[in-house]
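Breakdown of the fold
In case you want the letters, here they are:
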Amino acid sequence: MQNLTSVQEFLFMGFSHLAGYESLLFLLFLVIYVITVLGNSMIFTLIWVDSHLHTPMYFFLSNLSTLDLCYSSSTTPQILHNLLMERKSISFQACMAQLFFLISCAGGECILLAVMAYDRYVAICIPLHYPTIMARRTCVQLAVSPWVIGILNSMLHTILTFCLPYCGPNKIQHFFCDVPQLLKVSCKDTSLNETVLHVVTVFVGFGPFLFIILSYVRIISSVLKIHSVEGRSKAFSTCGSHLTVVSLYYATIIFNYNRPAGGYSAHVDTLASVLFCIITPLLNPIIYSLRNKDVLEALRRVTTHLSGNL
């Protein structure tokens, strides 16, 4: 694989309309990143330390927290670095590396959210077969598949993008490397890349989303057949956090990538990207900790245990 290009670095222009606010944005994004790392690390640690959370649902949640950590770390540190620099740039090789990790995590999260929906479907719609269907080996296979699919999907896009020639403009109207922005600065016809991007998006993005919708149609149908109000409430509570995360994740994807033909204004464009790569990984652990009694109780148990040992 060889790339014939004269561009050795790319210049980010995503914050050019916010000149003078770099220090404020740096502090804001730094706080968000620290909370994201601490929140997702807390969820991961609680699940692996507390035996009450050793269930398939929380096993998948620990994978989601790991993905969010990688997802946020693929872009935010570079953004923080450039906010302190007058010249906001990234080398060609670093840009390709960032692209690889970003797409791996984004695609993997789409698949993992579908896996988590399947887990809730089995638990609510066919509970008697849940222990058999969601056996340990099956859970491991389901947890590994998002990582494998995400990496393979990312390799495809990264290789195709890497092989494009970049012989002229090197200014990206963004603040991290992403496929659509890189295609715009290539000096070669990118129709193949765009076709592959759209086709793969259907399978990796839209396919899992459709599966999630169909799963929840079946779940809601089953829950409505429960006569007990308490039973309905308990069933819905186990799905509430996941459904909230799914809605938030796909809303930011649609907002960020399905742009109007004329594009967004510079401020709206920045907001869409910030929501997609910075805010979503922050909100996931908050949603699961505030809306989930099991996680809150596990946090209380671990905190009590640690304070008792001091």
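What you see is a predicted model; the values in this text were computed from it and never measured.

1. A word on the state of the cysteines
- As enumerated under the stated definition, the model contains 2 disulfides in all.
- Through a disulfide, C167 is tied to C187; the S-S separation comes to 1.9 Å. With C167 in the loop between α6 (136-162) and β3 (171-172) and C187 in the loop between α7 (179-184) and α8 (191-224), the pair connects residues that are 20 residues apart, well separated along the chain.
- By relative accessible area, C167 is classed as partly exposed at 46%.
- By sequence-ordered numbering of the bonded cysteines, the protein chain has its disulfides arranged as 1-3, 2-4.

2. Overview of the pattern of salt bridges
- Applying the stated criterion across every chain, the model contains 3 salt bridges.
- Across the pair E9 and R87 runs a salt bridge, and its minimum N-O distance is 2.5 Å. Here the residue E9 occupies a position in strand β1 (residues 9-12), and R87 occupies one in the loop between α3 (76-84) and β2 (89-91), the gap between them amounting to 78 residues.
- Owing to a relative accessible area of 22%, E9 belongs among the partly exposed residues under this scheme.
- Measuring nitrogen to oxygen at the nearest pair gives 2.9 Å for the salt bridge that ties R120 to D119.
- Under the relative-accessibility criterion, R120 is labelled buried at 9%.

3. Notes on the sheet that holds β1
- Overall, mixed pairing links the 3 strands, which are arranged β2-β1-β3 in an open sheet. For this open sheet the edge positions go to β2 and β3, each flanked by a neighbour on one side alone.
- The pairing of β1 with β3 spans 2 bridges and is parallel. When the bridges of β3 are listed, F12 appears paired with I172.
- Its contacts with the sheet put helix α4 (residues 92-125) on β1 and β2, and the angle it makes with β2 is roughly 90°.

4. Comments concerning α6
- With 27 residues, α6 ought to run about 39 Å at 1.5 Å a step, and its terminal C-alpha atoms sit 39 Å apart, in line with that.
- When α6 is considered as a whole, its buried residues turn out to be C139, A143, P146, G150, N153, S154, H157, T158 and T161.
- Of the surrounding secondary structure, the elements contacted by the buried residues of α6 are α2 (56-73), α4, α7 and α8.

5. Things to note about the packing of α2 against α6
- Packing of α2 against α6 brings their axes to within 10 Å, and their N-to-C directions diverge by 20°. Of the possible angle classes, the one that applies to α2 and α6 is roughly parallel. Handedness of the crossing formed by α2 with α6: right-handed. Facing P56, F59, F60, N63, T66, L67 and C70 of α2, the residues of α6 in contact are C139, V140, L142, A143 and W147.
- When the residues that make up the contact of α2 with α6 are grouped by side-chain class, the tally is 10 nonpolar, 2 polar and no charged.

6. Things to note about the packing of aromatic side chains
- All told, the structure shown has 12 aromatic pairs when counted by the stated rule.
- Aromatic side chains F92 and F162 sit 5.6 Å apart centroid to centroid with 50° between the ring planes, which places their arrangement in the tilted category. Of this pair, F92 sits in helix α4 while F162 sits in helix α6, placing them 70 residues apart in sequence.
- For F92, a relative accessible area of 3% puts it in the buried group.
- Among the aromatic side chains, those forming a connected cluster through ring pairs are F10, F92, F162 and Y166.

Reading the values: rules and limits
- Residues numbered from 1 in each chain as written.
- Predicted model: local features only at pLDDT ≥ 70, side-chain atom pairs only at ≥ 80, totals over all residues.
- Heavy atoms only, no water.
- Disulfide = S-S within 2.5 Å.
- Helix = DSSP H or I, 4+ residues; strand = E, 2+ residues; numbered from the N terminus.
- Buried < 20%, exposed > 50% of the residue type's maximum accessible area, 1.4 Å probe, protein only.
- Salt bridge = Lys/Arg side-chain N within 4 Å of Asp/Glu carboxyl O.
- Pairing = 2+ DSSP bridges.
- Contact = heavy atoms within 4.5 Å.
- Axes fitted to C-alpha atoms, helices over the stretch in contact; angles between N-to-C directions.
- Expected span 1.5 Å × (residues − 1).
- Parallel < 35°, antiparallel > 145°, perpendicular 65-115°, else oblique.
- Left-handed = near helix turned anticlockwise from the far one by under 90°.
- Nonpolar A, V, L, I, M, F, W, Y, C, P; charged D, E, K, R; others polar.
- Phe/Tyr/Trp six-rings, centres within 6.5 Å; stacked < 30°, edge-to-face > 60°.

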